[in-house]
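# Breakdown of the fold
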There are 2 protein chains.
Amino acid sequence: MLLLQFMKIFRLFFLCYCFTLSLNTLSQSDEEVLKKIYKTSLTNGQSYNWLNYLSNQIGSRLSGSYGAEKAVTWTKEELEKLGLDKVWLQPVMVPKWIRGAKEYGYIESGSGKTSIVNICALGGSVATPSLGLKASVLEVKSFEELAILGAEKVAGKIVFYNRPMQPDLIHTFEAYGGCVNQRYKGAVEAAKYGAVGVIVRSMNLRLDDLPHTGAMTYDDLPVSQRIPSAAISTNDAELLSAMLKLDKSIMFYFKQNCKQLKDVLSYNVIGQITGSEFPNEYMLVGGHLDSWDLGDGSHDDGAGVVQSMEVLRLLKEIGIKPKRSIRVVLFMNEENGLRGGNKYAEMSKKNNEKHVFALESDSGGFTPRGFSFDCDDASFNQVLQWKPLFKPYLIHYFEKGYGGADIGPLKSDAMVLAGLRPDSQRYFDHHHASNDTFDAVNKRELELGAATMTSLIYLFDKYGVNPISNLETIKN
Amino acid sequence: MLLLQFMKIFRLFFLCYCFTLSLNTLSQSDEEVLKKIYKTSLTNGQSYNWLNYLSNQIGSRLSGSYGAEKAVTWTKEELEKLGLDKVWLQPVMVPKWIRGAKEYGYIESGSGKTSIVNICALGGSVATPSLGLKASVLEVKSFEELAILGAEKVAGKIVFYNRPMQPDLIHTFEAYGGCVNQRYKGAVEAAKYGAVGVIVRSMNLRLDDLPHTGAMTYDDLPVSQRIPSAAISTNDAELLSAMLKLDKSIMFYFKQNCKQLKDVLSYNVIGQITGSEFPNEYMLVGGHLDSWDLGDGSHDDGAGVVQSMEVLRLLKEIGIKPKRSIRVVLFMNEENGLRGGNKYAEMSKKNNEKHVFALESDSGGFTPRGFSFDCDDASFNQVLQWKPLFKPYLIHYFEKGYGGADIGPLKSDAMVLAGLRPDSQRYFDHHHASNDTFDAVNKRELELGAATMTSLIYLFDKYGVNPISNLETIKN
């Protein structure tokens, strides 16, 4: 019995040893492969050209729009040119919301003087009455503050959510996370107390004149109780707040004629290199093809789309034949519904597909700093062994954390989800605003991101996922 | 004897132990101090406002220009407002080169058709004849290639240096280092073989229309043999090269009326917080106040100037009273002479000042990634102990390397030189060109840099420099 246990333990150690050995003997070659990946991306990359076309020839791609439709057709064609083993469209019904005419808003002081402000309807919002909506304004910083004020103070007013993003958080996505409930749930909360409209400070760390849109919800609020909801630029939020401090009786006027139409048919765009050894194990890399309508969605998420396409192109160009099947998935409707992500996971489950790894790029096309990994400790420890390979490329951030919205529905204990983490300092200057445009993306930064993603996919494919668990499986 | 040696060793270990202990017990407090430094810089910083004034109210600051003079006066005034212990100007004679009228250049094809190109004189170049200079063009990629061609092929021609920056180098400063000899020494080398002018591909990784200036030298070439030298935009370098491939007989025309005037008096601007325990040990933080004349020098080196000023302001605002004297030095004439850096070192030597640490920020105002350290191993090992304190701020790059041009002349075995290392991917898009302007600097990125510099200064002041050597000193 003791001998048997000893042998089991010995075998485990031996397998670990062999694994480490193979890692060491191959490490030279891994270094070379990564060097080739980065060099090819930086000297002969396609991601920036693709982004140029997607941003400047197609433009914004809100779900259900003509732009989204064109983006589906064009990315499918581009993937087909790569000579992948399979390229197809996965149908998915998506919501269609349209902004209508440009929104208009102003602050009216006690003396009747008006100051025009920069606003935009939040995605999913209802319109104002056709002549617009004018009411006095109640500024709050949180839902708690709103609840304390209650119906007596709120009813008949426009609620102005003005909690800024916290500037001393180094990860700007944390600052976003700490504020975005005002945008997403602000209307529902304000409607509870009889508010007639909602104005939300843009999710932007910078003081400027651009309103930032983004998704909002009415939950199960009856249509008759839905109140219009708009974002205001940070400069104008400061102005409104300052004017309110001087005179609580000032009025706010805004007019928007956005509309939610019926769901329409759209698609996830999928391309695949079929694995040579384990064709039924899938590794996914993706971003979302839809964007908001104000800019051209170059950072959110044009960058993620072209980087994901580039991963498969680089593998082919360098001549890497993956053991597992590698799929690029360009998800539709991340911004206002996540229908594409949900549909992909649903179909994957239905078809009994085994996904072992999924990587999303949806944090902008800035200089890559690393990845966050959503997985168990064993897998994470495996990943950490690869970290030194990335040091020459200044990739240093390997932490446990969030993978991405679109790949989230795939999550299972048996797989690793990962998110590319680019430098985040400038991201919210552009996020969901009219300046999310091609000129804000730097070619080298975009290409470094594509190379970093390709390198991780290469390593996961070569060594498999979660070797400790695998070894345990072999042992038993 | 053995006992004595043992006691010496024991004492050394004991001191090391005490040092480690003090480091551990104080580490909590260091974390808190760094948190406060970053928070203050990001929520209540002054660096961005200063840069706004320097860039948009003063503008470019080429040595000897009115802008440089204004910058000296204004930064001195701003430092005086901080309530430092001492603020003064250090006189230094600087070269004065003026660009004159905007340069003009074109390519003339065999058929006489002209294509206007974007050029600018290199700093220090002589003018062309007043009616301009027209000659046929010889493209080379290196001085070696030029030497092989020799006088027979070169004489009477304009030499066109067209070796691009290497795009697969991750550190863009390495790519710059691999090319900049074309700009700096190109005229001297070409003049050897009888060339009549020099056109240099701009030091820019991106293809665009902006020419990038920068320093060049004639070494000891007699005035009569000096040939005019200009930079051409990367797009126009590609055009010229493509046209030469089709027809070697095309001509290049350019006209510039730049001029080297007599040296003029200028100043390094210096401010000091005098140390409470070791007032005669100096820690320097600085950048260079001069800039090229095409943009407003926001990245090069407005960023370094305001970040260095911010270091002293942050220390005061947070209430840190340094043990050693901390000096901010805003060096004059880094770009075309290094007179300020040389003067400071000369005066420091003359006054027998003991500098223990010098930190320069002169690599742009982008997201800081870390530092390079020019010092001995013992000091570097000490610095590495502080690295974990920077992890929450995504500062990961602590490597041995170059400090900075202005602090270079101070170098001695007894001190540590360090350079801030920001993300370098976008730097050469702006370097020495008309788009090195305020809008290209991101507020948060600039502030993160200032906080990172302040944190390092704080740690060096608190723990001293090179403790192993210090311990050895105590021991003996």
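Since the structure is predicted, the reported quantities are computational estimates derived from the model, not experimental observations. (Residues numbered from 1 in each chain as written. Chains lettered and ligands numbered in written order. Predicted model: local features only at pLDDT ≥ 70, side-chain atom pairs only at ≥ 80, totals over all residues. Heavy atoms only, no water.)

Another point: the sheet that holds strand E8 (residues 229-232) of chain A. Residue and element names in this part refer to chain A. Spatial strand order, E3-E2-E9-E5-E6-E7-E8-E4: eight strands in an open sheet with mixed pairing. The open sheet has two edge strands with one neighbour each: strand E3 (114-117) and strand E4 (119-121). Sheet twist, expressed as the average angle between the axes of neighbouring strands with direction ignored, equals 30°. Bridge analysis of strand E5 (residues 133-140) against strand E6 (residues 158-161) gives four bridges, and the strand direction is parallel. Paired with Val-137 across the bridge in E6 is Ile-158. (Pairing = 2+ DSSP bridges. Helix = DSSP H or I, 4+ residues; strand = E, 2+ residues; numbered from the N terminus. Axes fitted to C-alpha atoms, helices over the stretch in contact; angles between N-to-C directions.)

Position of Arg-369 of chain A relative to the elements: it lies in strand E14 (residues 368-374). A distance of 2.9 Å separates the side chain of Arg-369 of chain A from the side chain of Asp-423 of chain A, its partner in a polar contact. Looking at Arg-369 of chain A, its side chain comes within polar contact range of the main-chain oxygen of Leu-394 of chain B, at 2.5 Å. Excluding anything up to four places from it in sequence, Arg-369 of chain A contacts Leu-394, Ile-395, His-396, Tyr-397, Arg-421, Pro-422 and Asp-423 of chain A together with Thr-367, Pro-368, Arg-369, Leu-394 and His-396 of chain B. (Polar contact = N/O pair within 3.5 Å; in protein donor to acceptor, adjacent residues only side chain to side chain. Contact = heavy atoms within 4.5 Å.)

Now for the environment of Lys-141 of chain B. Residue and element names in this part refer to chain B. Summarising the element assignment, Lys-141 is placed in the loop between strand E5 (133-140) and helix H4 (143-154). When its relative accessible area of 37% is taken as the criterion, Lys-141 is described as partly exposed. The sequence separation of Lys-141 and Thr-75 amounts to 66 residues, and the corresponding C-alpha distance is 42 Å. With near-sequence residues (within four places) excluded, Lys-141 lies in contact with Asn-162, Arg-163, Pro-164 and Gln-182. (Buried < 20%, exposed > 50% of the residue type's maximum accessible area, 1.4 Å probe, protein only.)

Owing to its 3.6 residues per turn, the α-helix brings residues three or four apart onto one side. Residues and elements named next belong to chain B. Taking 1.5 Å of rise per residue, 12 residues should cover 16 Å, yet H4 covers just 12 Å from first to last C-alpha, more than 12% shy of that figure. Considered for burial, the residues of H4 that qualify are Phe-143, Leu-146, Gly-150 and Val-154. Projected onto a plane normal to the axis of H4, the buried residues spread over an arc of 145° and lie on a single side. Exposed side chains of H4 directed beyond 90 degrees from the buried face belong to Glu-144, Ile-148 and Glu-152. Contacts from the buried residues of H4 go to E5, strand E6 (158-161) and helix H6 (181-192). Phi turns positive one or two residues past the end of H4, at Gly-156, with a value near 80°. (Expected span 1.5 Å × (residues − 1). Arc of directions from axis to C-beta.)

Next up on the list: the UniProt feature "domain: Peptidase M28" (unreviewed entry) in chain A. As annotated by UniProt and renumbered to match this structure, "domain: Peptidase M28" (unreviewed entry) occupies residues 268-452 of chain A. Across residues 268-452 of chain A, the secondary structure splits into 33% helix and 27% strand, with the terminal C-alpha atoms separated by 24 Å. (UniProt positions renumbered as here; feature names shortened; annotations may be inferred.)

In this complex, chain A contributes 31 residues to the contact, which on the side of chain B involves 31 residues. Here chain A and chain B share an interface that buries about 2800 Å² over both sides, 52% of which is from carbon and sulfur atoms. Looking only at chain A, the three residues that lose the most surface to chain B are Ile-170, Arg-426 and Arg-444 of chain A, adding up to 26% of its buried area. Across the contact surface, chain A and chain B share 18 residue pairs in polar contact (both at pLDDT 80 or more). Every element with two or more residues in the side of chain A that touches chain B is listed here: helix H1 (2-44), E14, strand E15 (397-400) and helix H12 (443-463) of chain A. (Buried area = accessible area lost by both parts, 1.4 Å probe.)

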